[in-house]
Amino acid sequence: MWIMQSETPGLQGKDRAWGLGLRSPNTEGWAGGFNVKQIENNFNPALGFVNNKGVRNYIADLGYTHFFGRGSYFQQVRSGFDGEQTYFLDGGLQSQAFRFTLFQITNNSRDVFRIRLADNREVVRRPFVIFAEPGRQIVIEPGDYKFRRGGFRLTTANQRPLSFMLGGAIGDFWNGSQDTFRSGLRLQGGKAIVDVSYEVNNITLPQGRFSTRLASINTQYAFTSNFYWVNLLQYDNVSEVLGINTRLQWIPSAGQEGFIVLNYKLQDYDKDNQFTEMAMDLSLKFTYTIRF
């Protein structure tokens, strides 16, 4: 059995967007889907935005899932494929990504281990800066780029007091290579949750070498069942921005919600390890739903 899905995000004369999809509802055995979406050059939705115009996008996936019987340590194992192609409406390929899940196994505790391969293609029409620092820029020039990568990911279930994620990938990147390492750690107990994540990418291109690092800390604390304190700290070495978001959230009852939010940014403009204040704002918001 297949389910057909369609969507029309908005219409403005001839400048429109539309989509159509087919989806198999199977959870075991073979399952897959197909979607096509087109966004025309001058499409401007009344609400929200689109980040890619003048394109037609195709997405497809196909996979096989096997569930283990009772008494087994494992719950399911899966292999599959998913792919995406985007074409310019005026002709030619914009991007292509084919991803192959060679092996993904889940145990009864919901720990997951996965091995994937990816085959990518990008057609660049205009040069763009991929990395910049004082006195140096690395630019990707127009061209047709093909690159392949392989990686793994291990995630433990987050119902435990301590859980973690480890992942990595190696392979091509544009006309060079990239090594990626990702890690995450979650601590939870009582009223508090702390998430820490770190990602590093070591990139080598004919134009030069560079590394990117992204670190973040997310904390949540519940004073009561309807009063929370949430914090996010994030830093990356490319923009050299340290961002801090802290939020007090109060939900006295259904349909009522209050926030006090502070956003604070620091930046090392000259990349000399001296941070200066970039922006700060404080906002207060309360919503109340009236039911008739």
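Before reading on, note that the structure itself is shown above.
(A) Focus on the overall build of the protein. Across its full length, the protein holds zero helices and 18 strands. Residues counted as buried form 29% of the 292 residues belonging to the protein. For the protein, long-range pairs separated by at least 24 residues make up 39% of all intrachain contacts whose partners lie at least 6 apart in sequence. Counting every atom, the protein has about 18400 Å² of accessible surface; 57% of that belongs to carbon and sulfur. Charged side chains of the protein number 31 positive and 26 negative; the gap between the two group centres comes to 7 Å.

(B) Spatial organisation of the pattern of salt bridges. Tallying each qualifying case throughout the model produces ten salt bridges. Across the salt bridge formed by R99 and D82, the nearest N and O atoms sit 2.6 Å from each other. Of this pair, R99 sits in strand β6 (residues 93-107) while D82 sits in strand β5 (residues 74-88), placing them 17 residues apart in sequence. In this structure D82 comes out as buried when scored by relative accessible area, which is 19%. For R116, the salt bridge is made with D82, and the minimal N-O distance between the two is 2.8 Å. In this pair, R116 sits in strand β7 (residues 112-124) while D82 sits in strand β5, placing the two residues 34 residues apart along the sequence. You can call R116 partly exposed: its relative accessible area is 22%. A network of salt bridges, in which partner residues are shared, links D82, R99 and R116.

(C) Representation of the environment of L20 within the structure. Mapped onto the secondary structure, L20 falls in strand β2 (residues 15-23). Linking L20 and N35, residues 15 residues apart in sequence, is a C-alpha distance of 5.7 Å.

(D) Molecular detail of the side chain of T86. Mapped onto the elements, T86 comes out in strand β5. For T86, the side chain forms a polar contact with the side chain of N57, separated by 2.9 Å. Those residues in contact with T86 that lie beyond four places of it in its chain are N52, V55, R56, N57, L93, Q94 and S95.

(E) Fine view of the nonpolar core. Counting residues in hydrophobic clusters, the biggest one holds eleven residues: V124, F131, I138, I140, Y145, F147, F173, W174, I203, L205 and F210. Contributions of two or more residues to this core are made by β9 (136-140), β10 (143-155) and β13 (192-205).

(F) Fine view of the packing of aromatic side chains. Per the counting criterion, the structure on display carries 17 aromatic pairs. Arranged with centres 5.6 Å apart and planes meeting at 45°, the rings of F147 and W174 form a pair that is tilted. Of this pair, F147 sits in strand β10 while W174 sits in the loop between β11 (162-173) and β12 (176-189), placing them 27 residues apart in sequence. A relative accessible area of 7% means that F147 is categorised as buried. Its relative accessible area of 13% is what places W174 among the buried residues. A network of ring pairs unites the aromatic residues F128, Y145, F147, F173 and W174 as a single cluster. One Lys or Arg, R125, reaches over the ring of F88 and ends 3.6 Å from the middle of that ring.

So, how was this worked out
- Along each chain, residue indices are assigned from 1 in the same order as the chain's sequence is written.
- Where totals are concerned, whole chains, interfaces and linings use all residues; where local detail is concerned, this predicted model gives features only for residues with pLDDT of at least 70, and gives and counts side-chain atom pairs only at 80 or more.
- Side-chain calculation: all heavy atoms of the structure are included, whereas hydrogens and water are not.
- Here a helix means four or more residues in a row that DSSP labels H or I, a strand means two or more in a row labelled E, and each is numbered from the N terminus.
- Each residue's exposure class comes from its accessible area (1.4 Å probe, protein chains only) as a fraction of the maximum for that residue type: buried when under 20%, exposed when over 50%, partly exposed otherwise.
- Working rule for contacts: check all heavy atoms of both residues, and any pair within 4.5 Å makes them a contact.
- What sets the accessible areas is the Shrake-Rupley method with a 1.4 Å probe; for residues, cover comes only from the shown protein chains.
- Asp and Glu are treated as the negative residues and Lys and Arg as the positive ones, with His and the ends of the chain left uncounted.
- By convention, the point assigned to a charge is CZ for Arg, NZ for Lys, CD for Glu and CG for Asp.
- Here, a salt bridge means any Lys or Arg side-chain nitrogen found within 4 Å of an Asp or Glu carboxyl oxygen.
- For the purposes of these results, a polar contact is taken to be a pair of N or O atoms within 3.5 Å, where, inside protein, one atom must be able to donate a hydrogen and its partner to accept one; residues adjacent in sequence count only when each atom of the pair is a side-chain atom.
- Here the nonpolar core consists of buried residues drawn from Ala, Val, Leu, Ile, Met, Phe, Trp, Tyr and Cys, with membership extended through side-chain atoms lying within 4.5 Å.
- Only centres within 6.5 Å qualify two rings of Phe, Tyr or Trp (six-membered ring in Trp) as a pair; their planes then separate them into stacked at under 30 degrees, edge-to-face at over 60, and tilted for everything else.
- Any Lys NZ or Arg CZ found within 6 Å of a ring centre and within 35 degrees of that ring's normal is scored as a charge over the ring.

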